[in-house]
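# Residue-level structural notes
Read off the chains here:
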Amino acid sequence: MTYERFAGWYDQLMSDAPYDAWCALVERTVASYHVGKRLLDLGCGTGELAIRLANKGFDVTGVDLSEQMLAIAQMKAEERGVHVLFYQQDMRHFGPFEPFDTIVIFCDSLNYLLEDEDVVATFSRVYDQLRPGGLFLFDVHSLFKMEHIFLQKETFASNDEQVSYIWNCYPGPRPHSVEHELTFFVQLEEGVYERVDEMHVQRTYDVAQYETWLKDAGFRLLHVWADFTEQQPTNESERIFFVAQK
């Protein structure tokens, strides 16, 4: 996986992403459990969610592996007059920081961890970096989405004047994994386009496995929700949300 070229177009391609819904979910949950507003956004990307949460009164730190993504995040925060601290770190062994009240991993960032031990290490590190009573919220692709949306449709495409793409999906090398083969055509000048190829691989697990790993890390599981609702997942839910407490 690489974000070296992808980072510059990420916000344009994610313009319809439900950032407001993620923000609302965090606000509701934090208020419900009466925790503080010191928050860490792991896998923060270009900082869109981190900046929005900062505008809602959260004291936000953002962590991402991509230097290019973080450069854009920092520029956006400065342009919008928002204070967010950004760090280039790996979610499997981030920190050390002063304990947080809430840690979030959204937009299926956790699905980029391809080995069991990587997810386990991330959960353990999150637990260590939360204060007692702190909350851990994350979302992942469901098995249904991986196997019946990505792999059955296989090809997605968008034809925009400045950036167009063809997105092909293939079975990945591990159980419940998908290879996303992305080809971008970026307009450099009128009539001239540059082709850029990217490969992203994601993997997910069933709900019971995530629950086991959370409990093994020491968390108390509070909720398992689906698709930005506070309803339990069904067999056709696409995005699964977990809320756990230290």
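Our subject in this report is the structure included herewith. (Residues numbered from 1 in each chain as written. Predicted model: local features only at pLDDT ≥ 70, side-chain atom pairs only at ≥ 80, totals over all residues. Heavy atoms only, no water.)

Moving on to the overall build of the protein chain. Secondary structure assignment for the protein chain yields seven helices and 11 strands. Expected size for 246 residues packed as a compact globule is a radius of gyration near 18 Å; at 18 Å, the protein chain falls within 12% of this value. Judged by the C-alpha coordinates and their principal axes, the protein chain covers about 55 × 45 × 30 Å. In the protein chain, which comprises 246 residues, the share counted as buried stands at 50%. (Helix = DSSP H or I, 4+ residues; strand = E, 2+ residues; numbered from the N terminus. Rg over C-alpha atoms; globule rule 2.2 N^0.38 Å. Buried < 20%, exposed > 50% of the residue type's maximum accessible area, 1.4 Å probe, protein only.)

According to the stated counting rule, one finds 19 aromatic pairs in the structure shown. Ring geometry for Phe-123 versus Phe-136: centroids 5.6 Å apart, planes at 75°, classification edge-to-face. Within this pair, whereas Phe-123 is found in helix α5 (residues 116-128), its partner Phe-136 is found in strand β5 (residues 130-141), the two being separated by 13 residues in sequence. Neither residue differs from the other here; Phe-123 and Phe-136 are each classed as buried. Feature note: the residues Phe-123, Tyr-127, Phe-136, Phe-138, Tyr-205, Tyr-210, Trp-213, Phe-219 and Phe-242 constitute an aromatic cluster, connected by ring pairs. Geometry around Phe-100 places Arg-38 over its ring, the cationic atom sitting 4.2 Å from the centre. Between the NZ or CZ atom of Arg-125 and the centre of the ring of Phe-94, over which it lies, the distance is 5.9 Å. (Phe/Tyr/Trp six-rings, centres within 6.5 Å; stacked < 30°, edge-to-face > 60°. Lys NZ or Arg CZ within 6 Å of the ring centre and 35° of its normal.)

Our next topic: the pattern of salt bridges. The tally for this structure, following the rule as stated, stands at 12 salt bridges. Measuring nitrogen to oxygen at the nearest pair gives 2.5 Å for the salt bridge that ties Arg-92 to Asp-90. Across the salt bridge formed by Glu-115 and Arg-174, the nearest N and O atoms sit 2.7 Å from each other. Here Glu-115 is found in the loop between β4 (100-105) and α5, whereas its partner Arg-174 is found in the loop between β7 (163-171) and β8 (177-189), with 59 residues between them in sequence. Judged by its relative accessible area of 27%, Glu-115 is partly exposed. Residue Arg-174 is classed as partly exposed on the basis of its relative accessible area of 29%. Connected through salt bridges with shared partners, the residues Asp-20, Glu-48, Arg-52, Lys-76 and Arg-80 form a single ionic network. (Salt bridge = Lys/Arg side-chain N within 4 Å of Asp/Glu carboxyl O.)

With that settled, consider the layout of surface pockets. The computed volume of the second largest pocket comes to approximately 160 Å³. Forming the boundary of the second largest pocket are 15 residues, of which Ser-142, Leu-143, Val-207, Thr-234 and Ile-240 lie nearest the centre. When its residues are assigned to classes, the lining of the second largest pocket shows nine nonpolar, five polar and one charged. (1 Å grid on protein atoms, 1.4 Å probe; cavity = no way out; pocket = protein on both sides within 12 Å on 5 of 7 lines; lining within 4 Å. Points joined across faces, edges and corners; volume = space filled by probe spheres on them. Nonpolar A, V, L, I, M, F, W, Y, C, P; charged D, E, K, R; others polar.)

Relative to the helices and strands, Glu-48 resides in helix α3 (residues 48-55). Assessed through its relative accessible area of 9%, Glu-48 is described here as buried. Reaching out from Glu-48, the side chain makes a polar contact with the side chain of Lys-76 at a distance of 2.8 Å. With residues up to four places along the chain from it excluded, the contact list for Glu-48 reads Tyr-19, Lys-76 and Arg-80. (Polar contact = N/O pair within 3.5 Å; in protein donor to acceptor, adjacent residues only side chain to side chain. Contact = heavy atoms within 4.5 Å.)

Turning to α5, a few remarks are in order. Between its terminal C-alpha atoms α5 stretches 19 Å, which fits the 18 Å expected from 13 residues at 1.5 Å a residue. Of all the positions in α5, only Asp-118, Val-119, Thr-122, Phe-123 and Val-126 are classed as buried. Seen along its axis, α5 keeps its buried residues to an arc of 135°; they face one direction. Residues of α5 that are buried make contact with β1 (38-42), β4, β5 and α7 (207-217). (Expected span 1.5 Å × (residues − 1). Arc of directions from axis to C-beta.)

Quick look at the pairing of β1 now. For β1, a buried count of four out of five residues is recorded, marking the element as mostly surrounded by other parts of the structure. Looking at chain direction, β1 and strand β2 (residues 59-64) are connected through five bridges and run parallel. For Leu-42, the partnering residue across the bridge sits in β2 and is Val-63. Remark: the β1/α3/β2 crossover connection has right-handed handedness. Note: β1 against β4, three bridges, orientation parallel. When the bridges of β4 are listed, Leu-40 appears paired with Ile-103. (Pairing = 2+ DSSP bridges. Right-handed = clockwise from strand over helix to strand, strands pointing away.)

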